[in-house]
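# Observations on the three-dimensional arrangement
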Amino acid sequence: LRVAQWNINCLCGVDCRTPQAAKPFLEVIASTGADVVLIQEAPVGPPNEFWPEPWRTIFPTSAMRSLEQGLRDLGYAVQLRTSCGNASLFCSRLPLHRATESISLDVNNDWRKAAQETRQAVLAEVCLRPRDVDSGSKSADRTTSGPPVAAIYATHLHHDNAITTPGGIRESEVTTLLDHWRSEASPRARCCVLATDFNQARRSDYSKRDWAAISEGLRKPWVRQPEDDGVADVLSLAGWRCAFDCPAAKRNWQGGAPPLTHWTGTVVDYPYVLPHAGDVDVVGTYLVYSSLSD
């Protein structure tokens, strides 16, 4: 199973002000050979008065339609979106076994009314072998027998944690997601994958000197984000493994985490896997650099 994850910044370019065409994004995605593609910041559009600037003015709705069609042309026939403004898009070449409805991750946090936007998640299960296709559906029903499937979340944690300590918006969001998994986990799922933009770097991925520079930036009054939002610890305690922490996995860089995944020079995009009905090995984790988004 190969999963690719990419925050495309609403097809508005690195500077958030330059609308992009779909074709170069499709070329990058095609080059990955992924079975499943998880895309963050892929709103449906067209913009309305509730959208913040500059996206309200420049969001290329037609390019988003071209991206969706181009993905179908590449074989990603299964496409699911979270039901929020700044949506996440789940695309799969593998047949869908079942998917849950989009759920809000912000129903249990104290800042949901003040936040500019909310975040949601969709859990999808795909058949690991095409010949195992059954009557897949978008329903909450689970079957206890049958061929194995892989469970995958499409989501995106909030950019604003609301407080500069653990226990803020992002920890609340991932706690809600884990509660959802515990209630929805299928006995047929060999594993669950959570690969997304977490909007938080991990101290363990940096030298003391590098982290001092990151910490200084996080304390800036116009940033005011935590050095640790608590999410990594919550996932680890629940048994989830970050693929960057698997020493035997192949990678196209030296060391543990990649050099950067974000324009700030930090790593905020992480792939996590949870073994469920059997052992799971992380074979490889790779980074594809692109100047198409931030």
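Preceding block: the structure.
As the structure is a computational prediction, the values presented were derived from the model and not from experiment.

With 16 residues, helix α4 (residues 169-184) should reach 22 Å at 1.5 Å per residue; the first-to-last C-alpha distance of 22 Å fits that figure. For α4, the complete set of buried residues consists of I169, R170, S172, E173, V174, T176, L177, L178, H180, W181 and E184.

A few words now on the pattern of salt bridges. Side chains that differ in charge, positive against negative, can pair when their charged atoms come close. Applying the stated rule across the entire model yields 12 salt bridges. With a closest N to O distance of 2.9 Å, R202 and D205 form a salt bridge. Note on R202: relative accessible area 11%, which makes it buried. Taking the relative accessible area as the measure of exposure, D205 reaches 22% and is therefore partly exposed.

Let's shift gears to the side chain of Q40. Within the secondary structure, Q40 is located in strand β2 (residues 36-40). Exposure remark for Q40: the relative accessible area of 1% places this residue in the buried category. A polar side-chain atom of Q40 sits 2.7 Å from a polar atom in the side chain of Q5. With near-sequence residues (within four places) excluded, Q40 lies in contact with Q5, W6, N7, I8, N9, A87, S88, T155, H156, A195, T196 and D197.

A few words on the packing of helix α1 (residues 22-32) against helix α3 (residues 61-73). Closest axis-to-axis distance for the α1/α3 pair is 9 Å, and the angle between their directions is 30°. Relative to α3, α1 is oriented roughly parallel. Relative to α3, the crossing made by α1 is right-handed. Contacts between α1 and α3 involve A22, F25, L26 and I29 from the former and A63, S66, L67, G70 and L71 from the latter. Across the contact of α1 with α3, the residue classes tally to seven nonpolar, two polar and no charged.

Time to look at the environment of E125. Mapped onto the secondary structure, E125 falls in strand β7 (residues 120-127). Accessibility expressed as a relative area gives 1% for E125, which makes it buried. Here the alpha-carbon distance between E125 and E227, two residues 102 residues apart in the chain, equals 34 Å.

In this section: the packing of aromatic side chains. Overall, the coordinates contain seven aromatic pairs when judged by the stated rule. Ring geometry for F244 versus W253: centroids 5.8 Å apart, planes at 85°, classification edge-to-face. Since its relative accessible area comes to 7%, F244 is described here as buried. Using a relative accessible area of 9% as the deciding quantity, one classes W253 as buried.

On to the sheet that holds strand β1 (residues 3-7). Pairing is mixed in the open sheet, where four strands are placed in the order β1-β2-β4-β3. Strand pairing shows two members of the sheet lacking a second neighbour, β1 and β3 (78-81), which therefore form its edges. Strand-to-strand, the axes of this sheet are offset by a mean angle of 15°, without reference to chain direction. Pairing analysis gives four bridges linking β2 to strand β4 (residues 89-92), with the strands arranged antiparallel. Its bridge partner being in β4, I39 is matched across the sheet by L89. Strand contacts of α1: β1 and β2, with the helix running at about 155° to β1, the strand carrying the most contacts.

Reading the values: the criteria
Residues numbered from 1 in each chain as written. Predicted model: local features only at pLDDT ≥ 70, side-chain atom pairs only at ≥ 80, totals over all residues. Heavy atoms only, no water. Helix = DSSP H or I, 4+ residues; strand = E, 2+ residues; numbered from the N terminus. Expected span 1.5 Å × (residues − 1). Buried < 20%, exposed > 50% of the residue type's maximum accessible area, 1.4 Å probe, protein only. Salt bridge = Lys/Arg side-chain N within 4 Å of Asp/Glu carboxyl O. Polar contact = N/O pair within 3.5 Å; in protein donor to acceptor, adjacent residues only side chain to side chain. Contact = heavy atoms within 4.5 Å. Axes fitted to C-alpha atoms, helices over the stretch in contact; angles between N-to-C directions. Parallel < 35°, antiparallel > 145°, perpendicular 65-115°, else oblique. Left-handed = near helix turned anticlockwise from the far one by under 90°. Nonpolar A, V, L, I, M, F, W, Y, C, P; charged D, E, K, R; others polar. Phe/Tyr/Trp six-rings, centres within 6.5 Å; stacked < 30°, edge-to-face > 60°. Pairing = 2+ DSSP bridges.

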